[in-house]
Amino acid sequence: MPLALLKYGLSKGHPVPRALPAETDLKDSYDIVIVGGGGHGLATAYYLAADHGITNVAVLEKGYVGGGNTGRNTTIIRSNYLTPEGVKFYDESVTLYKDLANDFDMNLMYSERGHFTLAHTDSAIRTMRWRAEVNKHMGIESELVLRDELQRMVPELNYSEDVRYPIMGALYHAPGAIARHDAVAWGYGAGAAKRGVHIHQNTEVTGFEITKANGSPQRVTGVHTNRGTIKAGKVIQCVAGMSGVVSDMAGFKLPLKTIPLQACVSQPLKPFLDAIVVSGSLHVYVSQSSRGELVMGGSTDPYGVYMTRSTLDFKEGLMMHMMELLPYIGEVKLLRQWAGMTDMTPDFAPIMGETPVDDYYIDAGWGTWGFKATPVCGKRNAEMLATGKVPETIQPFALQRFHDFKLVGEKGAASVGH
Amino acid sequence: MKIMPCPLNGERNISEFAYGGEVLDLPAPDCDDETWIDFVYLENNTAGVVREWWYHTPTAYWFIAERDTRTDEILKTYPANEVFKDRVDFAAPEAPAAKE
């Protein structure tokens with residue numbers, strides 16, 4: 001049980017603990033440099049230190065810790081994917097998430113709600129049954145529930161036949177959860193820093209030192225930043241949105257398009273919606289946070305930009321569908337809106353592992369499905385960096401798959417259209 | 001609402017348009033696999049001014065727009081024949097010899 005709250009309550013001065021230590025100067029050299037101080041980068045640093053005892057590690061972050069997509073997602077954690085590769089991978093992540101609050105001694109507000117992916121057509125019911133069977137085969141709690149049973153489980157929804165997309169059933173995934181996303185980054189960051197990892201915020205990577213053989217890039221040896229150059233034994237890029245820009249500095253191209261994904265929250269309401277509800281046909285996902293806000297998101301923008309602006313088109317489309325699903329929220333006001341820049345891959349699966357440059361590893365292509373994978377990415381990245389071998393669970397996601405025509409085809413990636 | 005200046009229909013709401021990807025040169029049909037992989041999968045994903053295909057859905061009209069992907073500013077739009085001036089003659093492949 002996390003004891004931090006009890007300790008704090010019994011303390012005399014109620015001190016505010018500092019999550020990350022004060023900034024230090026860059027060292028001349030690190031064994032491992034992690035580019036990107038979001039959830040994935042910090043988790044990688046944490047598991048390098050905690051599981052492998054490697055602490056001569058720097059995390060370089062252009063802005064502030066967890067200020068990118070780690071703090072911009074809609075915090076849903078689940079493992080009811082479509083491909084066996086995906087299911088196995090995300091299930092490991094869910095398992096790690098469950099113990100994380102204890103590991104950090106920090107309240108992540110991890111809350112199992114049950115995740116319902118609505119089906120509005122016969123073909124959607126067929127797909128849900130397919131997904132449920134793949135999930136069950138892989139040992140995941142996942143089943144198809146039809147309309148009457150669904151209405152008993154989630155009575156808050158509009159079950160009228162008199163709408164554009166009447167609800168026919170849902171894929172029900174009991175372990176589906178939400179968590180406080182910033183706390184995941186802070187927990188990993190604090191845990192890594194405590195073990196000796198250097199976390200450098202406001203430190204932007206401006207280039208890499210790469211040896212060349214016959215004119216083509218061969219091995220990374222250093223990293224240029226706006227605060228000077230550092231030598232690096234190994235480098236891993238764990239950025240989102242700017243993945244293509246970073247890989248361009250390292251001299252190779254990625255199969256990624258940078259497309260914004262927008263989301264918003266309503267004003268806080270009394271708790272009424274326990275379930276996490278997703279609809280692919282209606283392009284919405286909604287859950288109620290522990291603060292009472294309805295956290296809502298939809299599909300990605302129709303075209304790419306390197307911006308986190310919000311658009312009226314998005315909110316009009318999203319609210320039209322929200323009103324069909326929850327008609328009684330018409331008077332509710334929006335409180336906040338934001339966007340994140342996502343890396344979309346052609347097959348909706350990530351890109352992890354080795355790159356054309358030796359000692360330069362990648363963790364990218366996390367599109368709209370990266371938050372839930374944070375722990376497993378950190379764990380497997382750390383294993384890869386420590387042993388020099390690509391772990392089996394992430395081998396299917398290699399960049400090389402595009403050269404071998406072995407795409408993963410993870411259509412269950414975000415439950416909504418892209 | 002964001003406005004797209006269409007070369008055929010004038011200024012219209014951007015929701016009437018569909019994005020069609022970057023304007024790229026088609027590789028020669030007999031090029032090697034790596035060139036095809038580059039063309040099919042790998043993206044320039046440029047943060048800056050990009051020349052793109054856009055489509056006005058109601059009038060089924062394809063054209064080219066120059067857009068800055070850092071600011072989402074549409075700098076210029078013009079008909080595709082300003083770029084693609086020459087007619088491409090796709091020679092019909094030779095019919096395989098009839099099996100006996």
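Residues numbered from 1 in each chain as written. Chains lettered and ligands numbered in written order. Predicted model: local features only at pLDDT ≥ 70, side-chain atom pairs only at ≥ 80, totals over all residues.

A.B. asks: I tried to follow the overall build of chain B on my own but got confused; where do I start?
C.D. replies: Helices and strands together make up the secondary structure of chain B, namely one helix and six strands. Along chain B, helices and strands appear, N-terminal first, in the series β-β-β-α-β-β-β. Counting only C-alpha atoms and orienting by the principal axes, one finds that chain B spans roughly 65 × 30 × 25 Å. Evaluated residue by residue, chain B yields a buried proportion of 10% over its 100 residues. Sequence-distant contacts, at least 24 apart, represent 46% of the contacts inside chain B between residues at least 6 apart. (Helix = DSSP H or I, 4+ residues; strand = E, 2+ residues; numbered from the N terminus. Buried ≥ 20, exposed ≤ 12 C-beta atoms within 10 Å, placed from the backbone. Contact = placed C-beta atoms within 7 Å.)

A.B. asks: Mind showing me how you'd approach helix H4 (residues 122-137) of chain A here?
C.D. replies: Side chains that are three or four residues apart share a direction in an α-helix, a result of its 3.6 residues per turn. Residue and element names in this part refer to chain A. Helix length check: H4, at 16 residues, gives a terminal C-alpha distance of 23 Å against a target of 22 Å (1.5 Å per residue), a fit within 8%. Regarding H4, the residues found buried are Ala124, Met128, Arg131, Ala132 and Asn135. What you see down the axis of H4 is that its buried residues fit within an arc of 105°, all on one side. Turned more than 90 degrees away from the buried face of H4 sit Asp122, Ser123, Arg126 and His137, all of them exposed. The positive-phi residue at the C-terminal boundary of H4 is glycine 139, with phi of around 85°. (Expected span 1.5 Å × (residues − 1). Arc of directions from axis to C-beta.)

A.B. asks: Teacher, can you tell me more about the environment of methionine 323 of chain A here?
C.D. replies: One can find methionine 323 of chain A in helix H8 (residues 312-325). A sequence separation of 214 residues divides methionine 323 of chain A from methionine 109 of chain A, and the C-alpha atoms of the two residues are 28 Å apart.

A.B. asks: Any chance you could explain the domain arrangement of chain A here in plain terms?
C.D. replies: It is common to report an interface's size as the accessible area lost on association of the parts. All names here are of chain A. Parsing chain A into structural domains produces domain 1 (20-79 + 81-91 + 94-104 + 181-256 + 347-402) and domain 2 (112-176 + 258-341). Distance from the C-alpha centre of domain 1 to the C-alpha centre of domain 2: 29 Å. Each side of the interface is counted separately: domain 1 has 20 residues, and domain 2 has 21 residues. Top contributing element to the side of domain 1 that touches domain 2 by residue count: helix H3 (residues 84-104), with five residues. Looking at the side of domain 1 that touches domain 2, its residues break down into seven nonpolar, nine polar and four charged. (Domains from an automatic or database assignment. Nonpolar A, V, L, I, M, F, W, Y, C, P; charged D, E, K, R; others polar.)

A.B. asks: Would you mind going over the confidence of the model for chain B with me for this structure?
C.D. replies: Caution applies to low-pLDDT parts of the model: their predicted coordinates are not meant to be read in detail. Counting all residues, the mean pLDDT for chain B is 91, and 97% of those residues have values of 70 or more. Interface predicted TM-score (ipTM) for the complex: 0.86; the corresponding pTM is 0.91. (pLDDT = per-residue confidence, 0-100.)

A.B. asks: So what exactly am I meant to see when it comes to the interface of chain B and chain A here?
C.D. replies: In this assembly, 12 residues from chain B lie in contact with 19 residues from chain A. Grouping the constituent residues of the side of chain B that touches chain A by class yields six nonpolar, three polar and three charged.

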